[in-house]
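Here are the chains, one letter per residue:
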Amino acid sequence: MMKVITVELDTNEMADITDEVRRFVRESGKDEGAVLVFSKGSTGAVTTIEYEPGLKKDFPRVMERIAPYNDHYEHHKTWGDDNGSSHVKSAIVGTSLVVPFKNGELLLGTWQQIVVINFDTRRRRREVILQLLQAL
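The shown structure was predicted, so the numbers you read here are calculated from the model rather than taken from an experiment. (Residues numbered from 1 in each chain as written. Predicted model: local features only at pLDDT ≥ 70, side-chain atom pairs only at ≥ 80, totals over all residues. Heavy atoms only, no water.)

S.K.: Help me understand the nonpolar core, please; the structure alone is not making it clear to me.
M.R.: Ranked by internal contacts, the top residues of the largest apolar core, which has 21 residues, are Ile17, Val35, Val37, Leu106 and Ile114. The set of elements that each furnish at least two residues to this core consists of strand 1 (2-9), helix 1 (18-28), strand 3 (32-39), strand 5 (96-102), strand 7 (113-118) and strand 8 (124-133). Apart from residues no more than four positions distant in its own chain, valine 35 is found in contact with Val21, Phe24, Val25, Leu97, Val98, Val99, Phe101, Leu106, Leu130, Gln131 and Leu132. Among the nonpolar cores identified, the runner-up in size contains eight residues, and Ile49, Phe59, Val115 and Ile117 belong to it. (Core = buried A, V, L, I, M, F, W, Y, C linked by side-chain atoms within 4.5 Å. Buried < 20%, exposed > 50% of the residue type's maximum accessible area, 1.4 Å probe, protein only. Helix = DSSP H or I, 4+ residues; strand = E, 2+ residues; numbered from the N terminus. Contact = heavy atoms within 4.5 Å.)

Okay, here's the thing in structure tokens:
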């Protein structure tokens, strides 16, 4: 079973998609398993975080320290663009996440939400693929 959800995000913006993932799992009718959450593209990411105003500000600030926009990136020479730092941030955070579920409920911590992040240097429409993983 698979579903694609889309989210429009500005640069360094994140969106909480926990409810969409939760709904997908419930609608599957499966009691137990895992769901893959995958963000298409190489300048976006998926992770978990406590989705609250402070961390929504802290996370992009810290990521900017790790891979500063104004640093030199050889990638810019390849395509003549300005999003080398976006690709680096995406690779560090990752583009996929696997979340187990039991009794039709995601096994997340109390303050743990699933988020998609746009690291690109412009507003982007992010496609996130949800897929149930089948046990062998």
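S.K.: Before we go on, may I ask you to explain the side chain of aspartate 120 in this structure?
M.R.: With respect to the secondary-structure elements, aspartate 120 resides in the loop between strand 7 and strand 8. Classification of aspartate 120 as buried rests on a relative accessible area of 3%. Separated by 3.2 Å, the side chains of aspartate 120 and asparagine 83 make a polar contact. Among residues more than four places away in sequence, those in contact with aspartate 120 are Thr11, Thr43, Asn83, Ser86 and Arg126. (Polar contact = N/O pair within 3.5 Å; in protein donor to acceptor, adjacent residues only side chain to side chain.)

S.K.: Would you mind showing me how to read a nonpolar patch on the surface here?
M.R.: The grouping of Val62, Ile66, Val88 and Ile92 at the surface amounts to a nonpolar patch, some 300 Å² of accessible area in total. Among the elements of the structure, helix 2 (53-66) and helix 4 (84-93) are those that each provide at least two residues to the nonpolar patch. Following the sequence through the fold, isoleucine 92 ends up in helix 4. (Patch = residues over 30% accessible without salt bridge, like charges linked within 9 Å, V, L, I, M, F, W, Y side chains within 5 Å. Areas by Shrake-Rupley, 256 points an atom, 1.4 Å probe, with all protein chains shown as cover. Salt bridge = Lys/Arg side-chain N within 4 Å of Asp/Glu carboxyl O.)

S.K.: In this structure, what is going on with the sheet that holds strand 3? I would like to understand it.
M.R.: Hydrogen bonding along the main chain pairs the strands of a sheet, whether they run parallel or antiparallel. On the basis of which strands lie adjacent, the open sheet formed by five strands has the order 1-8-3-5-6 and antiparallel pairing. Here the strands that pair on one side only, and so sit at the sheet edges, are strand 1 and strand 6 (105-106). As judged from the two bridges shared by strand 5 and strand 6, these two strands associate in the antiparallel manner. Bridge pairing in strand 6 links phenylalanine 101 to leucine 106. (Pairing = 2+ DSSP bridges.)

S.K.: Honestly, the side chain of arginine 126 in this entry has me stumped. Any pointers?
M.R.: Tracing the chain through its elements places arginine 126 in strand 8. Aspartate 120 is the oppositely charged side chain nearest to the buried, salt-bridge-free arginine 126, at an N-O distance of 4.3 Å. (Lys, Arg positive; Asp, Glu negative; His and termini not counted.)

S.K.: I keep staring at the environment of methionine 2 and nothing clicks. Help me out?
M.R.: Its place among the elements puts methionine 2 in strand 1. Those residues in contact with methionine 2, other than ones at most four positions away along the chain, are Phe24, Ile129, Leu130 and Gln131.

S.K.: When you look at helix 1 in this model, what are you seeing that I'm missing?
M.R.: An α-helical turn contains 3.6 residues, so a residue and the one three or four places further along point in the same direction. All of the buried residues along helix 1 are Thr18, Val21, Phe24, Val25 and Ser28. Within helix 1, the buried residues cover an arc of 130° as seen down the axis, which keeps them to one side. Immediately beyond the C-terminal end of helix 1, within one or two residues, lies glycine 29, with a positive phi of roughly 80°. (Arc of directions from axis to C-beta.)

S.K.: Before we go on, may I ask you to explain the pattern of salt bridges in this structure?
M.R.: Oppositely charged side chains can pair when the atoms bearing their charge come close. For the structure shown, the criterion picks out eleven salt bridges. When the shortest N-O distance is used, the salt bridge between lysine 89 and glutamate 64 registers 2.9 Å. Linking lysine 89 in helix 4 with glutamate 64 in helix 2, this pair joins segments that are 25 residues apart in sequence. The class for lysine 89 is buried, based on a relative accessible area of 2%. Salt bridges linked by common partners bring Glu8, Asp10 and Arg123 together as one network.

That is the geometry; function is a separate question.
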